[in-house]
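Each chain is listed here by its residues.
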Amino acid sequence: MRVFEEKSRAELIGKKSYWQISDLGLKQVEFDYDPELLMLILDKARRIRDEASEKRHLNLRFIRKAHVAIPEILELVHYPGRLDRLSELAGTALEPYPVSVISSTITFMGANPDDGTVAWHTDGVPATEIVPLAMHDIDGGELQIYHGDYEAGFTRLGEHGALPERDLITVPHRLGASTLAQLMRVLHRTAPIRSGYRVSLNMNLRSRDQPFIDDNPLYYLAADNPDYDWIDQYLSDVRVRQVPAYLASRRPAKS
């Protein structure tokens with residue numbers, strides 16, 4: 001398994017952090033996913049691309065709840081050996097993110113203003129696997145991460161409208177390789193695309209043993225999904241998984 005990029009969380013943000021699922025910052029490695037399955041997902045995404053045009057978030061076009069529109073994504077989510085491999089890379093046991101409206105997305109990014117790129121933000125989900133499905137003649141569009149505290153970064157953006165280049169970590173995407181990253185409370189964006197385009201599949205994950213480590217509050221999800229048809233799923237997960245795991249983590253260890 002060829003490794004292209006690897007950084008710890010401390011290397012990304014320049015300090016140790018408490019609210020994290022592991023020391024993972026990001027790892028970009030070759031994958032063995034079935035190329036025919038990836039092409040099928042891409043073809044279906046392109047067919048329904050226009051349906052995503054009215055759902056704009058962070059200045060890009062995307063398909064939310066992509067596995068519902070394209071069921072083959074679930075084959076990739078549960079691809080043989082995938083979770084074991086990603087858990088090993090992350091240094092902690094991972095599981096698919098359970099809230100359907102945010103568990104998988106497909107993004108269309110390009111120089112065309114109708115597509116755009118991802119603006120500066122931090123993730124609500126603990127971890128994400130980014131799988132490029134297509135990259136054509138692309139100039140720009142790298143993953144850029146602010147090397148520092150995310151609140152300080154947001155403050156600098158508010159005061160100056162930009163972040164110094166010297167404080168940015170730039171990671172190019174590669175076909176045939178996925179990027180597993182813990183970008184919760186890490187300020188990042190997609191660099192502006194000057195030409196070409198990229199289509200990517202994001203499959204979100206969280207800690208199996210600490211599912212309560214999460215930054216997706218209800219208001220944030222509701223802002224993008226005002227129909228609230230996902231709320232019972234969210235509350236059930238809090239009740240059945242997050243609260244018991246949190247209470248267990250607070251109990252003193254037996255001697």
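Scroll up to find the structure.
None of these values were measured; they are calculated from a predicted model.

Undergrad: I keep staring at the nonpolar core and nothing clicks. Help me out?
TA: It is characteristic of soluble globular proteins that their nonpolar side chains tend to be buried jointly. Counting 23 residues, the largest nonpolar core has I41, I73, L76, I106, V131, L133 and L201 as its most contacted members. Elements supplying a minimum of two residues to this core: α2 (35-47), α4 (72-77), β6 (104-110), β7 (127-140) and β12 (193-207). The greatest single-element share of this core, amounting to 5 residues, is contributed by α2. Those residues in contact with L201 that sit more than four places away from it in its chain are I73, L76, T105, I106, E129, I130, V131 and L133.

Undergrad: Teacher, can you tell me more about the packing of aromatic side chains here?
TA: For any two aromatic rings, the description comes down to two numbers: the centre-to-centre distance and the angle of the planes. Applying the stated rule across the entire model yields 5 aromatic pairs. On the basis of an interplanar angle of 25 degrees and a centroid distance of 4.8 Å, the ring pair of F31 and Y33 is categorised as stacked. For Y33, a relative accessible area of 4% gives the class buried. Ring-pair connections join several aromatic residues into one group, and the members of that group are F31, Y33 and Y79.

Undergrad: For this particular structure, what's the right way to read the sheet that holds strand β8 (residues 143-146)?
TA: Strands in a sheet are paired, the pairing made by backbone hydrogen bonds, and the direction either parallel or antiparallel. The 3 strands are arranged β9-β8-β11 in an open sheet whose pairing can be described as antiparallel. Edge positions in the sheet fall to β9 (168-171) and β11 (188-190), since each has one partner strand and no second. The mean inter-strand angle of the sheet, taken between neighbouring strand axes irrespective of direction, is 20 degrees. Of the strand pairs in this sheet, β8 and β11 are connected by 3 bridges, and their pairing is antiparallel. When the bridges of β11 are listed, L143 appears paired with T190.

Parameters and conventions
Residues numbered from 1 in each chain as written. Predicted model: local features only at pLDDT ≥ 70, side-chain atom pairs only at ≥ 80, totals over all residues. Heavy atoms only, no water. Core = buried A, V, L, I, M, F, W, Y, C linked by side-chain atoms within 4.5 Å. Buried < 20%, exposed > 50% of the residue type's maximum accessible area, 1.4 Å probe, protein only. Helix = DSSP H or I, 4+ residues; strand = E, 2+ residues; numbered from the N terminus. Contact = heavy atoms within 4.5 Å. Phe/Tyr/Trp six-rings, centres within 6.5 Å; stacked < 30°, edge-to-face > 60°. Pairing = 2+ DSSP bridges. Axes fitted to C-alpha atoms, helices over the stretch in contact; angles between N-to-C directions.

Nothing here speaks to function; it is all geometry.
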